[in-house]
There are 2 protein chains.
Amino acid sequence: MIVPVILSGGAGTRLWPISTSETPKQFQPLIGDGDMFRQTLARVIDRARFAPPLIVCGPAHVAHVEADIAAAGIADATIIVEPAARNTAPAITLAALAGDPDATLLVMPADHLMTDVAAFHRAINAALPAVEAGALATFGIAPSHPETGYGYIASGDIIAPGVCHVRRFVEKPPRDKAEAMLAEGGHYWNAGIFLMRADRFLAELDRQQPPIGRACAGAMATARRDGALIHPDEDAFLSSPSQSVDYAVMEGAKQLVVVPVDPGWSDVGGWAALYELADKDDAGNVRMGEVVALDARGNYLRADGGKRLAVVGVSNLIVVTLGNDVLIIPRARAQEVKSIVEYLAATSPD
Amino acid sequence: MIVPVILSGGAGTRLWPISTSETPKQFQPLIGDGDMFRQTLARVIDRARFAPPLIVCGPAHVAHVEADIAAAGIADATIIVEPAARNTAPAITLAALAGDPDATLLVMPADHLMTDVAAFHRAINAALPAVEAGALATFGIAPSHPETGYGYIASGDIIAPGVCHVRRFVEKPPRDKAEAMLAEGGHYWNAGIFLMRADRFLAELDRQQPPIGRACAGAMATARRDGALIHPDEDAFLSSPSQSVDYAVMEGAKQLVVVPVDPGWSDVGGWAALYELADKDDAGNVRMGEVVALDARGNYLRADGGKRLAVVGVSNLIVVTLGNDVLIIPRARAQEVKSIVEYLAATSPD
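Below you will find a few notes about this structure.

Conventions used here
- Residues numbered from 1 in each chain as written.
- Chains lettered and ligands numbered in written order.
- Predicted model: local features only at pLDDT ≥ 70, side-chain atom pairs only at ≥ 80, totals over all residues.
- Heavy atoms only, no water.
- Contact = heavy atoms within 4.5 Å.
- Buried area = accessible area lost by both parts, 1.4 Å probe.
- Salt bridge = Lys/Arg side-chain N within 4 Å of Asp/Glu carboxyl O.
- Polar contact = N/O pair within 3.5 Å; in protein donor to acceptor, adjacent residues only side chain to side chain.
- Helix = DSSP H or I, 4+ residues; strand = E, 2+ residues; numbered from the N terminus.
- Nonpolar A, V, L, I, M, F, W, Y, C, P; charged D, E, K, R; others polar.
- Pairing = 2+ DSSP bridges.
- Least-squares fit on C-alpha atoms with pLDDT ≥ 70 in both.
- Buried < 20%, exposed > 50% of the residue type's maximum accessible area, 1.4 Å probe, protein only.
- Axes fitted to C-alpha atoms, helices over the stretch in contact; angles between N-to-C directions.
- Parallel < 35°, antiparallel > 145°, perpendicular 65-115°, else oblique.

So, the interface of chain A and chain B
Right, so step 1: At the interface, 29 residues of chain A touch 29 residues of chain B.
Right, so step 2: Of all residues in chain A, the largest losses of buried area upon contact with chain B belong to A:R308, A:V312 and A:I328, amounting jointly to 26% of the total for that side.
Right, so step 3: For the pair chain A and chain B, the interface holds 4 salt bridges.
Right, so step 4: Here A:D295 ties to B:R333 by a salt bridge, and the two come within 2.6 Å at their closest N and O atoms.
Right, so step 5: Where chain A touches chain B, the interface holds 14 residue pairs in polar contact (both at pLDDT 80 or more).
Right, so step 6: No other element matches the 6 residues that strand β19 (residues 325–330) of chain A contributes to the side of chain A that touches chain B.
Right, so step 7: Grouping the amino acids of the side of chain A that touches chain B by side-chain chemistry returns 18 nonpolar, 5 polar and 6 charged.
Right, so step 8: Sheet analysis places β19(A) next to strand β17 (residues 308–312) of chain B, joined by 4 bridges and oriented parallel. Bridge pairing in β17(B) places A:V326 opposite B:L309.

Written out as C-alpha cells, the structure reads:
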C-alpha cells in the first residue's frame, strides 16, 4: 500500500485575490472539478492502491482540509498540523515519522493540476520496484515549453522501463538554457512529487541533514493527538532548519531515480497559466460567473457569486472579482499581481 | 421672486452602473459636493433671490427627491409627480400651472454641473428685464469645444447687455459644422435651462401645441395633493403628446432671447466627461474609493464603499464598481456603455 502524503503548505500570492494566506489556492476552485486539494485527494482515493491520506498543513488551514476531506467522503485521513512553516523537508519528515517506517510515501503538493491521472498512476507503477529496492523516486514532468520558472531534472541511464538515474538537478534556468534543455531532451520539470519508503527517506535525511531529523523526531515524540489531528510539539519543531526537500535530501541522495511522466500537469502558477488552461469562447475569453463581454478578446473574466462583470472593447486582460476585491492586470504582466499583494501588505493598517 | 423648476426626469444609460432607472445620475455623487440634484438645489437656495423650488419627477424618484430636499434643509418645496414620462414640454407645463401665473420660472435639469454659480446668477440678472417684458429666455452655454452631442443656439442682435435675439436653433451637428460654429462665434450650447414667466410660457404653448396645454390643465385641475406632493391626474396627463420643450415651444416662440453664459457647465454626459472633470493624480488617474493603481495611467478608477480596486499596468480605462456590478471600458469608447445596458435589458429574465 502507498500512503499519500499531501503537502498543503504555501500561500501563493500569484493568484491574488483568489489565493490569500487565509485561503490559499489549493482551497479554491480554479480549474477542473472542485478545488485543487479535492482534486489531489481524488487522485489517490482508490483504496485498492492507496492507504488513507496523510495531510500536512498549517493551523490556519485545518478547517479547509477537514471540509475537503469530509466532502470527499474520507473518514480515516490523518492531518499533521505544522506548528509553523519550515519548508518541505521538515514537513515530509513529520509525515515519514507519523506511520509505519516500511510505508511507501507518495508525496504531492496539494495545489497541482493533473488532467491525465492514469498516466500518473502508470508512472507510480513504473517507479515501485526501484522504490521498494530502496530508491527515492522523483517524478519528472515532460516539459511542454522552455519554462524559466521551474527547476529541471536531467535524466541519466535507464535503469528500468520508465525509470532513469538522475544525472543532476538544474536550478530555474535562464530562457536560453531552458530552450537548450528542451532541444536536447532528457530534461524534466521538477514538480516536487516523490515516491519513497519512509525509512529510506529518513535515513537519507539523517545522513545529510541530521538537525532536521532530530527536531522532527522530537516534535513527533511528544506530539499531541486529537482525533484525526496530530499536533507536533512546537518548540521541538521550531528548532528545525527550514529547508526544501530538494536541497536537504534529493540533490544529495545516493539512490535517486526520475520517472518521466506527462500527466497533463500544471502548478497553476498564476493567472496567465489559468487562462491557458481554461475553456475559452470564440473570442478567446475565459468567462466564469455572470460576465458580459462585448467586442472583447483574449481576456480572463471571472466574476464571483452574485457579481456581474461587464466589459467592452478590452483585450488580453485578467479581471477577477472576489468578495470586495477587484483585480485588473494585463495577461502578459499577470505575475506582477505579487506587487499588489506586497503593496497591500506594506500599507495595511495591521 | 424666481421660482426654480427642477426637472428630474430621464434615466441616462451613459453612466451605468452608477446611473440606473432606479437611481439616475442626478441622485449619485459624481463630481463636486453631493449628488447632482443637491448641487442643483444649492444653486437656487438663496431665499433673497429664489422662491421655494418646484420639482418635477417620476414616481420612482420621489423618495430620492425627498431625501435630498430634507438634506438641503428645504421644508417648503413642492414635488409634482409625473404619472408617466412625457418629455420636457408637458413637465414644464405642469410646473407652470402649479403656481402663480405671474411667477417667473427658472427651469433647470437636475443633473447638470456648474462650477461658476455666480456667473449663472449674473446671467439670470441680465435676462430678467427681458423676461419681465414677456420674453422666453434660454441660457446659451459658451462652447469649449466642437461638441457633436449637443444642439446649438445661434445668437442674433444684442437687445440688452448680455441678452441677444435667437437667430436659430441648430440640431446636433456633424463635426465640421460644429467646428465652423465655434470658429464663427455667436453659437452656444442649448443646455435646456430657461427663464420665463409662467403665463408667457403657457400662452406660447397654447398657441403652438394646444393639446399639451389642454392635457396638463386637465391633469392639474383634478390633481391630488398630498403634503408637498402634487399628483396630476394620470389619464388626463397620458393624453398629452410627448414632446421636448425645444420642439414644442422654444423653436417657434415669438419672443425668444438667448443669454450667453459660461458657468463651468457640463451635463456630465458619460464616463469620459466625468474623467475630464475630475481631479487626477500625477499619472492622470482619477481615484475614488479604495484604489491601488501601479504603473497605471489615464484611468478613471472608482470603487464604491467597501470595495478595493487593484490595477496594474493598464491605461485609459474606465473602471467602475457599484454594488454587484463592475464595468470596464476604454475611455475612448465610454459611450458604448449603452450597449451593455441594452444587452442586459435584452437578456434580463424579467
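And the narrative resumes.
Thoughts on the side chain of B:T104
Right, so step 1: Mapped onto the elements, B:T104 comes out in strand β4 (residues 104–109).
Right, so step 2: Setting aside residues no more than four positions away along its own chain, B:T104 makes contact with B:M1, B:I2, B:V3, B:L128, B:V131, B:L195, B:M196 and B:R197.

Side note on the relation of the copies chain A and chain B
Right, so step 1: Turning chain A through 180° and shifting it by 0.1 Å along the axis lays it on chain B, with an RMSD of 0.1 Å. Put plainly, the chains are arranged around a two-fold axis. Every residue of chain A has its C-alpha some distance from the rotation axis, and the shortest such distance is that of A:V326, at 4.2 Å.
Right, so step 2: In this assembly the copies share their binding face: 100% of the residues contributing to the interface of chain A also contribute to that of chain B.

A few points about the pairing of strand β15 (residues 290–294) of chain A
All names here are of chain A.
Right, so step 1: In terms of burial, β15 is a largely internal element, 4 of the 5 residues being buried.
Right, so step 2: As paired elements, β15 and strand β17 (residues 308–312) share 5 bridges and run parallel to each other. Paired with L294 across the strands is V312, a residue of β17.

A word on helix α3 (residues 88–98) of chain B
Right, so step 1: Within α3(B), 8 of the 11 residues are buried, which leaves the element mostly enclosed by the surrounding structure.
Right, so step 2: B:A89, B:P90, B:A91, B:I92, B:T93, B:L94, B:A95 and B:A96 are the residues of α3(B) that are buried.

Points about the sheet that holds strand β14 (residues 286–288) of chain A
Right, so step 1: Taken together, the 6 strands give an open sheet; going across it, the order is β14(A)-β16(A)-β18(A)-β19(A)-β17(B)-β15(B), and neighbouring strands pair in mixed fashion. The two strands at the open ends of the sheet, each matched to only one other strand, are β14 of chain A together with β15 (290–294) of chain B. Direction aside, neighbouring strands of the sheet carry axes that sit 10° apart on average.

Quick notes on the packing of helix α6 (residues 198–208) of chain B against helix α7 (residues 210–221) of chain B
All names here are of chain B.
Right, so step 1: Relative to each other, α6 and α7 sit at 120°, their axes nearing to 5 Å. Taken together, α6 and α7 sit at an angle that is classed as oblique. Contact residues: α6 offers L205, D206, R207 and Q208, while α7 offers P210, I212 and G213.
Right, so step 2: Within the contact of α6 with α7, the residues separate by chemical class into 3 nonpolar, 2 polar and 2 charged.

Remember that the coordinates give geometry; whether it matters functionally is a separate question.
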